[in-house]
Amino acid sequence: MSTFKKRETVVQNIAYMGLMAAINVVFVLLTTFVPVLFFLIVFVLPLTSTVVALHCKKRYYPIYAVATIGICMLCTMWKIDDTIFYIIPSIITGFIFALMVEKEISAPWIIITTTIIQLIFSCLAIPLIIVLFGRDIVITFASIFGLQSYQYIDYIAPASIFFLSLIQCSLSFIVTNEEIKKFGYELKEAKLNSYYLLIALWSSMVVTMVFALTYKPLSYTSMLISLYFVCVLIAGLLQRKKKWIYIVLPISFFLSFFLFAIFYPYAEEPLGLLLLNIFFFVVSIIVLIDNSLLNKQNKDTI
């Protein structure tokens, strides 16, 4: 049975979904017996759900979702919380990922959107697990690294979940990117310097400041979202291959680092790293200037 092949008949769909559900169950069982393997499972689960949503008919996906959740709960009755935390968010994220691929949305938006969705459902699962089973999964993970008593664990937990979710969704995209072309899907070329990305960066920076003033533990997670957009925008700048950009970017980095060092001692603990927003803002200005110059050049050409 070819892994990447569109399923048309009912038998093909059910058989393929059964295979993927079995893979999910195996990985959940492995994590149950060897907790450190959660590093492996968090990368595999969204990918299997994405593959199912892409290669099987959508009307059968609820069957796959219910069957996977049910079998995983049955096979891990002594530790159902693993299914709640790992499987359910991954099934939801995988389906949304596949829908966005079929809509031919560009890569940066697919990755960050599904990452945030994965983050939200994973964070919602944490208090649910505490209520139902009395187990704090954050402390369980932190104990692997000896951080269960760390003072700022509430800051690290959501940021770590976001980072893992980002790797999950990026891996799913890398694996499926070439295969989707076989089914007639062609993603839009990513405009890595678009004004939409700039607006997204500025918005996430504002949200970071709001969290820093209201609910501080989420400020670092929001900053990581800003960092994602900054990386995408820098990639777009480097694609231009303009000399002034190669000169200005390093200068802006060192200038931002200098300002970071000056203001860091005055920042409230543990929010000092939020001063990285200085560099983020400088990068956004460089992109804005470059876009303005490009637009002016296009008008002059016309």
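Each remark here, short or long, concerns the structure printed above.
Note that the structure is predicted; figures quoted are calculated from it, not measured.

With respect to the packing of aromatic side chains
A full pass over the atoms with the stated rule returns eleven aromatic pairs. A ring pair is formed by Tyr 61 and Phe 95, whose centres lie 4.7 Å apart and whose planes are at 35°; its orientation type is tilted. One end of the pair, Tyr 61, is in helix α3 (residues 61-75); the other, Phe 95, is in helix α4 (residues 81-102), and 34 residues separate them in sequence. Residue Tyr 61 is classed as buried on the basis of its relative accessible area of 6%. Classification of Phe 95 by relative accessible area gives partly exposed; the value is 24%. Consider the rings of Trp 109 and Phe 229, whose centres lie 5.9 Å apart with planes at 50°: the pair is tilted. One end of the pair, Trp 109, is in helix α5 (residues 107-133); the other, Phe 229, is in helix α9 (residues 219-240), and 120 residues separate them in sequence. Site record: aromatic cluster; members linked through ring pairs are Tyr 150, Tyr 152, Tyr 155 and Tyr 220.

Things to note about unusual backbone geometry
The omega torsion of the bond from Glu 269 to Pro 270 falls at -5°, within 30 degrees of zero and hence cis. Of note, Pro 270 is situated in the loop between α10 (243-263) and α11 (277-301). You will see that Glu 104, though not glycine, has its phi angle at about 60°, which is positive. Residue classification places Glu 104 among the partly exposed residues on the basis of a relative accessible area of 27%. Its identity as a non-glycine residue notwithstanding, Lys 241 has a phi of 55°, on the positive side. Along the chain, Lys 241 turns up in the loop between α9 and α10.

Digging into the pattern of salt bridges
Using the criterion set out here, one finds four salt bridges in the structure. One salt bridge in this structure joins Asp 81 and Arg 135, with 2.4 Å as the shortest N-O distance. Here the residue Asp 81 occupies a position in helix α4, and Arg 135 occupies one in the loop between α5 and α6 (137-144), the gap between them amounting to 54 residues. On the accessibility criterion, Asp 81 (4% relative accessible area) is buried. Residue Arg 135 is classed as buried on the basis of its relative accessible area, which comes to 16%. A salt bridge links Arg 240 to Asp 290; the nearest nitrogen and oxygen atoms lie 2.4 Å apart. You can see Arg 240 sitting in helix α9 and its partner Asp 290 sitting in helix α11, a full 50 residues away along the chain. Residue Arg 240 is classed as partly exposed on the basis of its relative accessible area, which comes to 21%. Using a relative accessible area of 0% as the deciding quantity, one classes Asp 290 as buried. Overlapping salt bridges bring together Arg 240, Lys 242 and Asp 290 as one network.

What counts and what doesn't
- Residues numbered from 1 in each chain as written.
- Predicted model: local features only at pLDDT ≥ 70, side-chain atom pairs only at ≥ 80, totals over all residues.
- Heavy atoms only, no water.
- Phe/Tyr/Trp six-rings, centres within 6.5 Å; stacked < 30°, edge-to-face > 60°.
- Helix = DSSP H or I, 4+ residues; strand = E, 2+ residues; numbered from the N terminus.
- Buried < 20%, exposed > 50% of the residue type's maximum accessible area, 1.4 Å probe, protein only.
- Salt bridge = Lys/Arg side-chain N within 4 Å of Asp/Glu carboxyl O.

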